[in-house]
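So the chains spell out like this:
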Amino acid sequence: MIEVMKEFGSPKGASPAQVALAWLLHKRPYIVPIPGTTVEAHLKENLAALNFKWEDAEWSEFEEKISKIEIVGDRYNADLQKQIAN
């Protein structure tokens, strides 16, 4: 996914993190990403994602490429998954 985010973000001067945040903000008005950071530069980078604009055709192309990526593996290891399931 990172490579696709680089591919689409680089021409607009956007980092993969900015593309990811902009994508989440674009998907639905009720999705509110909560990025965590302890570095001021990262905070500024995250906030700049609010200014990230693509045309609808660009979002569609991005969504199409992202949808073809097979996600493999578990999100959490077995011990963490037990804690979440309870």
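Residues numbered from 1 in each chain as written. Predicted model: local features only at pLDDT ≥ 70, side-chain atom pairs only at ≥ 80, totals over all residues. Heavy atoms only, no water.

**Remarks on the overall build of the protein chain**
- Helix and strand counts for the protein chain stand at five helices and zero strands.
- Along its sequence from the N terminus, the protein chain presents helices and strands in the succession α-α-α-α-α.
- Taking 12 Å as the expected radius of gyration for a compact globule of 86 residues, we find that the protein chain reaches 15 Å, considerably beyond that expectation.
- If you line up the protein chain on its principal axes, its C-alpha atoms span 40 × 35 × 25 Å.
- Counting all 86 residues of the protein chain, 22% fall into the buried class.
- For the protein chain, contacts bridging at least 24 residues in sequence account for 67% of all contacts bridging at least 6.
- Summed over all atoms, the accessible surface of the protein chain reaches about 6,700 Å², with 55% contributed by carbon and sulfur. (Helix = DSSP H or I, 4+ residues; strand = E, 2+ residues; numbered from the N terminus. Rg over C-alpha atoms; globule rule 2.2 N^0.38 Å. Buried < 20%, exposed > 50% of the residue type's maximum accessible area, 1.4 Å probe, protein only. Contact = heavy atoms within 4.5 Å. Areas by Shrake-Rupley, 256 points an atom, 1.4 Å probe, with all protein chains shown as cover.)

**A short note on the packing of aromatic side chains**
- Going through the model one piece at a time under the given rule, you end up with eight aromatic pairs.
- Three or more aromatic residues joined by ring pairs make a cluster, and in this case those are Phe8, Trp23, Phe52, Trp54, Trp59 and Phe62. (Phe/Tyr/Trp six-rings, centres within 6.5 Å; stacked < 30°, edge-to-face > 60°.)

**Considerations on the side chain of Asn46**
- Relative to the elements of secondary structure, Asn46 occurs in helix H3 (residues 40-48).
- The contacts of Asn46, once residues within four sequence positions are left out, are Leu21, Pro35 and Thr37.

**Some remarks on the nonpolar core**
- By size, the foremost hydrophobic cluster in this structure holds twelve residues: Val4, Met5, Phe8, Ala14, Val19, Ala22, Trp23, Phe52, Trp54, Trp59, Phe62 and Ile66.
- Elements supplying a minimum of two residues to this core: helix H1 (2-9), helix H2 (16-27) and helix H4 (56-67).
- Setting aside its immediate chain neighbours within four residues, Phe62 contacts Val4, Met5, Phe8, Val19, Trp23 and Trp54. (Core = buried A, V, L, I, M, F, W, Y, C linked by side-chain atoms within 4.5 Å.)

**A word on the pattern of salt bridges**
- The full count for this structure, using the stated rule, is six salt bridges.
- The salt bridge involving Lys65 is made with Glu7; its shortest N-O contact spans 2.7 Å. Remark: Glu7 occurs in helix H1 and Lys65 occurs in helix H4; sequence separation between them is 58 residues.
- For Lys68, the salt bridge is made with Glu64, and the minimal N-O distance between the two is 3.3 Å.
- Judged by its relative accessible area of 46%, Glu64 is partly exposed. (Salt bridge = Lys/Arg side-chain N within 4 Å of Asp/Glu carboxyl O.)

**Considering the environment of Ile34**
- Within the secondary structure, Ile34 is located in the loop between H2 and H3.
- Here the alpha-carbon distance between Ile34 and Ile66, two residues 32 residues apart in the chain, equals 21 Å.

Spatial relationships are all this shows, so hold off on functional conclusions.
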